[in-house]
Amino acid sequence: MALILCPECGHQVSDQAAICPNCGIKIAGNIPAGGYRPIKFGNDTETVTENASVVSTDENVGESVPTPQETIQSRTVATKPYDKVRTDEAKAEDEEPAYDSSTPLYGEPQKKNKSLIMMLSFIIALVVCIIAYWMWSNAANEKMEQQRYEEAMLSTNVQDLKDYLVQFNDAPQAHRDSVNARLSLLNQEDADWITALQSGSKSKLSDFIKTHPQSLHKGEAEDLIDSIDFSVAQRKGTSEAYAEYLKMHPDSKRASLAQDNLDNKKAKEVTAEEKSRARDVCKRFFQAINARNEQKLRSVVSDDAEQHAISFMNKMYKDDITNMNWHILDNFKVEKGVENADEPANLIARFSAEQNIERTNADLETYAKYSVSIEMTPDGMVKKFDVKKTN
């Protein structure tokens, strides 16, 4: 393949091209036997050969050489001269076919279409990016609003709800209504708390907790109720009262103190069996005095109290007394004395007793009432006693 000059317009064209891209004349298959002038490139100049057939080679020896007239008729010489010396810059341009910029080129419509397609693609991509960013931004705002809404509905701080209403003034109306309702509830809660706190009433505090179970003041209200119940148990001072307190407040910070008080009360608490045994000892003590029987009296008193008991019995019996009866009244109470680490505690009975006397001198006293205190050992022996007349 070689570059030749178009015989019609003189532009460079490949000898294999179907037509000249400039003027449209047919090229391939329409080249004369002698051929058109090929274009040769040198280092600094470009020379156009007049006729390819005038150059003799070994191959065309013997062939007939056309005359100059025939050669001129077989082709048309280019209108533009190509025998000038080209510069280095022009020679570089000859590496690609040179076209006249004023003449429409064969490939320009395709280049313009490609540029237009690229521009449209860029615009479409830009629009898609803008839409995607808008959708992402809306989704992010909706997610933030939802998160803040949930936090506001769980908050007990009035300011948190006010901040939400200011920041998200375009939030869904259902969310704003819920936050406003929550805000009204918290304002009412504060008013109810002040009322309950000032009352100091357990019932008022309990009602506050029932009305506002999620209140920030719930813990404080529960502690106040705890304190009130503990004060009641201390005031009663019974094992039943401390047991009831521990039942209501098992995890209270005062529970350990209440348990200690309960244990102390139980340690000093007299059982029904102990009370019955103590009453029986006191009854036998006075029966021995009624009978004025020292032996029977010694069987119910300890060695430490024996002489004191006999002296008391003899003092009760005057010379004119023929008979004596002691009766234990219903205010009989029993408590435990100070416990020893190694021994069970003594029982102390406190009660009132009345004395009926039969005597020979009717002018003398026949009835008397006494306050009695008797301390007895765990084995049922009277250790100490004190009998005082009350009338």
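Criteria and thresholds
Residues numbered from 1 in each chain as written. Predicted model: local features only at pLDDT ≥ 70, side-chain atom pairs only at ≥ 80, totals over all residues. Heavy atoms only, no water. Helix = DSSP H or I, 4+ residues; strand = E, 2+ residues; numbered from the N terminus. Buried < 20%, exposed > 50% of the residue type's maximum accessible area, 1.4 Å probe, protein only. Contact = heavy atoms within 4.5 Å. Areas by Shrake-Rupley, 256 points an atom, 1.4 Å probe, with all protein chains shown as cover. Arc of directions from axis to C-beta. Phe/Tyr/Trp six-rings, centres within 6.5 Å; stacked < 30°, edge-to-face > 60°. Lys NZ or Arg CZ within 6 Å of the ring centre and 35° of its normal. Salt bridge = Lys/Arg side-chain N within 4 Å of Asp/Glu carboxyl O. Core = buried A, V, L, I, M, F, W, Y, C linked by side-chain atoms within 4.5 Å. Lys, Arg positive; Asp, Glu negative; His and termini not counted. pLDDT = per-residue confidence, 0-100. Axes fitted to C-alpha atoms, helices over the stretch in contact; angles between N-to-C directions. Parallel < 35°, antiparallel > 145°, perpendicular 65-115°, else oblique. Left-handed = near helix turned anticlockwise from the far one by under 90°. Nonpolar A, V, L, I, M, F, W, Y, C, P; charged D, E, K, R; others polar.

Regarding the overall build of the protein
Point 1. Across its full length, the protein carries 12 helices and 9 strands.
Point 2. Among the 391 residues that make up the protein, the fraction classed as buried is 31%.
Point 3. For the protein, long-range pairs separated by at least 24 residues make up 48% of all intrachain contacts whose partners lie at least 6 apart in sequence.
Point 4. Carbon together with sulfur atoms contributes 52% to the accessible area of the protein, which is approximately 25900 Å² in total.

Some thoughts on helix α4 (residues 158–167)
Three or four residues apart is the spacing at which side chains of an α-helix point the same way, because the helix has 3.6 residues per turn.
Point 1. Those residues of α4 lying buried are Val158, Leu161, Tyr164 and Leu165. Projected down its long axis, α4 carries its buried residues within an arc of 125°, all on one side.

Section: the packing of aromatic side chains
Point 1. Evaluation of the coordinates by the stated rule reveals 13 aromatic pairs.
Point 2. A connected cluster of aromatic rings, assembled from ring pairs, spans Phe285, Phe286, Phe312, Trp326, Phe332, Phe351, Tyr370 and Phe385.
Point 3. The ring of Phe332 carries Arg279 above its face, with NZ or CZ at 5.1 Å from the centroid.

Quick look at the pattern of salt bridges
Point 1. Scanning all chains against the criterion turns up 13 salt bridges.
Point 2. As a salt-bridge pair, Lys253 and Asp223 come within 3.4 Å of each other at their nearest N and O atoms. Pair noted here: Lys253 is in the loop between α8 (239–248) and α9 (255–268) and Asp223 is in helix α7 (residues 218–236), with a separation of 30 residues, a long-range link.
Point 3. For Asp223, a relative accessible area of 29% puts it in the partly exposed group.

Here we look at the nonpolar core
Point 1. Counting 36 residues, the largest nonpolar core has Phe285, Ile289, Leu297, Trp326, Phe351 and Ile374 as its most contacted members.
Point 2. At the level of secondary structure, the elements contributing two or more residues to this core comprise α10 (272–291), α12 (306–316), β5 (321–328), β7 (347–359), β8 (367–376) and β9 (382–389).
Point 3. When residues in this core are grouped by element, the largest group, 7 residues, is from α10.
Point 4. Discounting residues that sit within four places of it in the chain, Ile374 has contacts with Cys282, Phe285, Phe286, Leu347, Ile348, Ala349, Phe351, Val382, Lys384 and Phe385.
Point 5. Of all hydrophobic cores here, the second largest spans 11 residues; its members include Leu161, Phe168, Ala171 and Leu186.

Digging into the side chain of Glu375
Point 1. Of note, Glu375 is situated in strand β8.
Point 2. Lys384 is the oppositely charged side chain nearest to the buried, salt-bridge-free Glu375, at an N-O distance of 4.5 Å.
Point 3. Ignoring anything within four residues of it in the chain, the contact list for Glu375 reads Asn346, Leu347, Ile348, Met381, Val382, Lys383 and Lys384.

Quick word on the confidence of the model for the protein
Point 1. In this model, the protein carries an average pLDDT of 80, and 78% of its residues clear a pLDDT of 70 or more.
Point 2. Low pLDDT (under 50) marks residues 41–65, which in the prediction has 40 contacts with non-local residues, meaning those over four places away or in another chain.
Point 3. Taken together, the stretch residues 67–87 has pLDDT below 50 and engages in 30 contacts with residues farther than four places along the chain or on a different chain.

Side note on the packing of α7 against α8
Any two packed helices are characterised by how steeply their axes cross, that is the angle between the axes, and by the distance between the axes.
Point 1. One can describe the packing of α7 onto α8 by two numbers: an axis separation of 8 Å at closest approach and a directional angle of 165°. When the axes of α7 and α8 are compared, the pair comes out roughly antiparallel. Helix-helix and strand crossings are classified by hand; for α7 and α8 the assignment is left-handed. Only Ala241, Tyr242, Tyr245 and Met248 of α8 make contact with α7, whose side of the interface consists of Asp226, Asp229, Phe230, Ala233, Gln234 and Lys236.
Point 2. In the contact of α7 with α8, the residues fall into 6 nonpolar, 1 polar and 3 charged.

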